[in-house]
Amino acid sequence: MPKNSKVTQREQGDVVTASVADLLAHEQPLDYKSSSLSVGGPPGSRVGVDSPENDGRPAWNSKLEYILAQVGFSVGLGNVWRFPYLCQKNGGGAYLVPYFILLILIGIPLFFLELAVGQKIRRGSIGVWNYVCPQLGGVGVSSLMVCGFVGLYYNVIIGWSIFYFFQSFQSPLPWSSCPVRINGSQAIVEPECDKSSATTYFWYRETLNITSSISDTGGLNWKMTVSLFIAWVIVCLAVIKGIQSSGKVMYFSSLFPYVVLFCFLVRGLFLKGAVDGIAHMFTPKLEIMLEPQVWREAATQVFFALGLGFGGVIAFSSYNRSDNNCHFDAVLVSVINFITSILATLVVFAVLGFKANVLNEKCVTVKEDGFGQLGLQPCVLEDELNKAVQGTGLAFIAFTEAMTHFPAAPLWSVLFFFMLINLGLGSMIGTMTGITTPILDTFKIRKEILTVVCCIVAFLCGLLFVQRSGNYFVTMFDDYSAGLPLTVVVILENLSVAWIYGTKRFMQDLEDMLGFRPYKFYFYMWKYVSPLCLLVLVLATIIQMAISPPGYNAWVQDQAEERFQSYPPWATVMCFSLVVVAMLPLPGVFIARRLNLLTDGSNKLSASYQTCSQIRLKHIETLPKIKLKHSDPPPNQTEAQRHAPKSD
């Protein structure tokens, strides 16, 4: 018999007439959080009780499907356009050192923690943290709200990629040259394009048709509205059946970007100047590595690269078997994410090296001492490579401009933007799962209806971002809706498990669940190192927000350039409202449960799923009386013992 059995076999020959509940009355008290019941039989057998895998909760069809889902969620647009920028800005190859150290100290331990709690408790973010510590149940609600905020603007980026994808089926590409105005008998190049570049003009004027300030909304941009609608339709179809549909989508959306990245890498290495770009990228600047700002940005990137705090990691893991090796999953996905970031950096700087070389060749050839006399800047390849570009500026301007110089440029453009769509789709599937799973765990709602309603509401709210000034709101939400709230969410997750639930208790749960005890390394990370690192990150984020004036880069049409502008008062209020609203459930739920204004959600069952402890109690109540008869007494029982009166 397993040592944790709740019912033990009686000696052979004993005549017993009792219910299972009577038998249990003489045993140790039941642990209401236990997930199994062993009744006689061979060791490890389970009789009359459904295992967690049979509780009606959906499950992944295969381990590969689950891994691809986690990889698709964690590997997103940030790996392609944020990580290379941070490498370039923070010391080139030297940036990889703090990033890797913080991946070990923060990334993998906290990713493992989220996978483990989701797999053990088999709930979404709200149910998990209600179970671990009901007074911190607001952690799950805040996580869901941040998912909502991020999903609103993240899908707008997918919409932009869809627009560029369809525009790529032209030769030459529409952003390869400036448009020309016909003024009588004269052909005049569009001044805004002439002052900037063809790709910059196409982005700001043809795609966004952007206004010069956030206060001037300019009305809806119908092209972006249609693109956003298509993006939400794709997301809705991908997640409408839950993991049964999204799991199938992940086979393509998670793997296709790697095919494209390898194609770009091979093609890029044969381009003139590509080696210069890669060499510039990985030339370490060790003096920069010691600056606190580098470590703060590395910690932030580790944090967001793995999708910590969003709820998607927990939601995906909750559909796993209870004995799945989530430690292996945590290490595997984290390593894949890191390698993907390096691969994307190689691709980006190979292509940007080629672009810099093309621009350098077009530079005017002047004697070295003649630049100052002519009022010109010297043509230095390194200066072009030092121009830090990130986000939409990298994807829709710099990288797009480089592809116009490729042979068969439309083909490469189609592949690139289709890759961005798939990268974004993988992250959106995880984000939507982080929203729908907690709701389905709490309320009795058909997942198809919930998914459609969520997508319709999100599309209507997303119209804010497809106004002509919508890009400024995308920047606002990106800066304020997720950064600080998610950091606070994750530090509370860490503290609730390590200090409230108990690290030793959690380690024992992991041993029971996995069949082996995790390394002592995780004990110290969860208990001391990770909370300390997260606390420093929270303080650094608050200081950074305090010293950086709230503002945005506005596109000034007359000068054809970006200029920093401070937010007007109403927009500043909106910025900080995003932070407050996302974090409001944390104190709200805590106070409500302290004052008994809100019921304790730790034992509340899902409307759709039941835990095995509840199923077990139902079986105990309904099982019939069991009568065991054996004619022959056991050899070690005396006659007096057999006829002695039975005690109650």
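Residue numbers here run from 1 along each chain, matching the order of that chain's written sequence. The predicted origin of the model limits local features to residues at a pLDDT of at least 70 and limits the giving and counting of side-chain atom pairs to 80 or more, whereas totals for whole chains, interfaces and linings rest on all residues. Note that the side-chain values use all heavy atoms of the structure and ignore hydrogens as well as water.

If you check an unreviewed UniProt entry, the chain appears there as Transporter from Astyanax mexicanus. UniProt positions are given in the numbering used here, feature names are shortened, and annotations may be inferred rather than shown by experiment. UniProt lists a comment for the chain under the heading Subcellular location (unreviewed entry), and it reads "Membrane". Its UniProt record, at the heading Sequence similarities (unreviewed entry), says of the chain: "Belongs to the sodium:neurotransmitter symporter (SNF) (TC 2.A.22) family."

## Thoughts on the overall build of the chain
Numbering of helices and strands runs from the N terminus; a helix is a DSSP stretch of H or I covering at least four residues, while a strand is a stretch of E covering at least two. Counting its secondary structure elements, the chain contains 29 helices and 6 strands. Contacts are assigned to residue pairs that have any heavy atoms within 4.5 Å of one another. Counting contacts in the chain only where the partners sit at least 6 residues apart, residues at least 24 apart contribute 81% of the total. In these tables, accessible area is a Shrake-Rupley quantity obtained with a 1.4 Å probe, and a residue counts as shielded only by the protein chains included in the view. In the structure as shown, the chain presents an accessible area of about 29200 Å², 62% of it carried by carbon and sulfur atoms.

## A closer look at the side chain of serine 496
Checked against the element boundaries, serine 496 lands in helix α24 (residues 483–514). Definition of a polar contact: a pair of N or O atoms within 3.5 Å, with one able to donate and the other able to accept a hydrogen when the atoms are protein atoms, and with sequence-neighbouring residues admitted only if both atoms are side-chain atoms. A distance of 2.8 Å separates a polar side-chain atom of serine 496 from the backbone oxygen of glutamate 493. Excluding residues that lie within four positions of it along the chain, serine 496 makes contacts with Trp129, Val132, Leu136 and Tyr501.

## Comments concerning helix α6 (residues 125–132)
Throughout this description, buried means an accessible area under 20% of the type-specific maximum (1.4 Å probe, protein chains only), exposed means over 50%, and partly exposed covers the range between. Extensive coverage of α6 is indicated by the burial of 8 of its 8 residues. Packing partners of the buried residues in α6 comprise α5 (96–121), α7 (138–167), α16 (312–317), α21 (409–442), α24 and α27 (585–594).

## Some remarks on the pattern of salt bridges
Between Lys or Arg on one side and Asp or Glu on the other, a salt bridge is scored when a side-chain nitrogen of the former is within 4 Å of a carboxyl oxygen of the latter. On inspection of all chains with the given rule, the structure shows 11 salt bridges. With a closest N to O distance of 3.8 Å, lysine 248 and glutamate 65 form a salt bridge. You can see lysine 248 sitting in helix α11 (residues 243–253) and its partner glutamate 65 sitting in helix α2 (residues 63–74), a full 183 residues away along the chain. Residue lysine 248 is classed as partly exposed on the basis of its relative accessible area, which comes to 45%. Residue class for glutamate 65 comes out buried when judged on its relative accessible area of 2%. A salt bridge links glutamate 448 to lysine 241, with the shortest nitrogen-to-oxygen separation between them at 3.4 Å. Pair noted here: glutamate 448 is in helix α22 (residues 447–462) and lysine 241 is in the loop between α10 (222–239) and α11, with a separation of 207 residues, a long-range link.

## Description of the UniProt feature "binding site: Na(+)" (unreviewed entry) in the chain
In the numbering used here, UniProt assigns the "binding site: Na(+)" (unreviewed entry) feature to Gly72, Val75, Asn79, Asn337, Leu423 and Ser427. A maximum C-alpha distance of 12.8 Å among these annotated residues, which run over 356 residues, shows that they cluster at one spot. Its location among the elements puts valine 75 in the loop between α2 and α3 (77–81). The residues contacting valine 75, other than those within four sequence positions of it, are Tyr258, Asn337, Thr340, Leu423 and Ser427. Along the chain, asparagine 337 turns up in helix α17 (residues 326–361). The buried category is assigned to asparagine 337, whose relative accessible area is 1%. Setting aside residues no more than four positions away along its own chain, asparagine 337 makes contact with Ser74, Val75, Asn79, Tyr99, Ala305 and Leu306. At a separation of 3.0 Å, a polar atom in the side chain of asparagine 337 contacts the main-chain carbonyl oxygen of alanine 305.

## A look at the packing of α7 against α21
The axes are straight lines fitted to the C-alpha atoms, using for helices just the contacting stretch, and the angles between their N-to-C directions are given from 0 to 180°. The interhelical angle for the contact between α7 and α21, taken along N-to-C directions, is 160°, at an axis separation of 9 Å. Put simply, α7 runs roughly antiparallel to α21. Relative to α21, α7 is oriented so that their crossing is left-handed. Taken together, the residues that form the contact of α7 with α21 break down as 18 nonpolar, 8 polar and no charged. For classification purposes, an angle smaller than 35 degrees is called roughly parallel, one larger than 145 roughly antiparallel, one from 65 to 115 roughly perpendicular, and anything else oblique. Helix crossings get a hand from a simple test, with the near helix turned counterclockwise from the far one by less than a right angle marking a left-handed crossing and a clockwise turn marking a right-handed one. Charged means Asp, Glu, Lys or Arg here, nonpolar means Ala, Val, Leu, Ile, Met, Phe, Trp, Tyr, Cys or Pro, and polar covers whatever is left, Gly included.

## What about the side chain of serine 341?
Take serine 341: it is sitting in helix α17. Relative accessible area serves as the criterion here: at 0%, serine 341 is assigned to the buried category. Looking at serine 341, its side chain comes within polar contact range of the side chain of asparagine 79, at 2.8 Å.

## Notes on the state of the cysteines
Note that a disulfide, as used here, is simply two cysteine sulfur atoms within 2.5 Å. Taken as a whole and assessed by the stated rule, the structure comprises 1 disulfide. Linked covalently through their sulfurs, cysteine 178 and cysteine 193 form a disulfide whose S-S length is 1.9 Å. In this structure, the disulfide formed by cysteine 178 and cysteine 193 twists by about -80° around the S-S bond and is classed as left-handed. Placement of cysteine 178 in the loop between α7 and β2 (180–183) and of cysteine 193 in helix α8 (residues 191–195) is noted, with a sequence separation of 15 residues between them. Using a relative accessible area of 1% as the deciding quantity, one classes cysteine 193 as buried. Cysteine 455 supplies the cysteine sulfur nearest to cysteine 236, a cysteine that is in no disulfide, at a spacing of 4.0 Å.

## A word on the packing of aromatic side chains
Working definition: rings of Phe, Tyr and Trp (its six-membered ring) pair if their centres are within 6.5 Å, and the pair is stacked with planes under 30 degrees apart, edge-to-face with planes over 60 apart, and tilted otherwise. The final tally for this structure, using the stated rule, is 55 aromatic pairs. With a centroid separation of 5.0 Å and an interplanar angle of 70°, the aromatic rings of phenylalanine 112 and tyrosine 522 are classed as edge-to-face. Of this pair, phenylalanine 112 sits in helix α5 while tyrosine 522 sits in helix α25 (residues 520–547); the two residues are 410 residues apart in sequence, bridging distant segments of the chain. Taken together, a centroid distance of 5.1 Å and an interplanar angle of 65° make the contact between phenylalanine 264 and tryptophan 412 edge-to-face. Here the residue phenylalanine 264 occupies a position in helix α12 (residues 256–269), and tryptophan 412 occupies one in helix α21, the gap between them amounting to 148 residues. Exposure class is identical for phenylalanine 264 and tryptophan 412. Each is buried. Here, a charge over a ring means that NZ of Lys or CZ of Arg falls within 6 Å of the ring centre while also lying within 35 degrees of the ring normal. Across the ring face of tyrosine 501, the terminal group of arginine 505 is positioned such that the distance to the ring centre comes to 4.0 Å. Cation over ring: lysine 520 sits above phenylalanine 523, and NZ or CZ is 4.8 Å from the ring centre.

## Here we look at the pairing of strand β5 (residues 561–566)
In this analysis, strands are considered paired if DSSP registers two or more bridges between them. Bridge count between strand β4 (residues 551–556) and β5: 6 bridges; the pairing is antiparallel. In the strand pairing of β5, asparagine 553 is matched with phenylalanine 564.

## Some remarks on the pairing of strand β3 (residues 186–189)
One ladder, built from 4 bridges, connects β2 with β3; its direction is antiparallel. Considered in β3, the bridge of isoleucine 182 is made with alanine 187. Once β2 ends, the chain turns through 2 residues before running back antiparallel as β3, passing glycine 184 with a positive phi of about 70°.

## Re the confidence of the model for the chain
In low-pLDDT regions, the fine details of the predicted coordinates are not to be read closely. Residues with a pLDDT of 70 or more make up 79% of the chain, whose mean pLDDT is 81. On a scale of 0 to 100, pLDDT captures the predictor's confidence in every residue. Note that residues 1–51 has pLDDT below 50 and, in this model, 80 contacts with residues that lie over four places away or in other chains. Counted against residues more than four places away or in other chains, residues 603–633, with its pLDDT under 50, gives 60 contacts.

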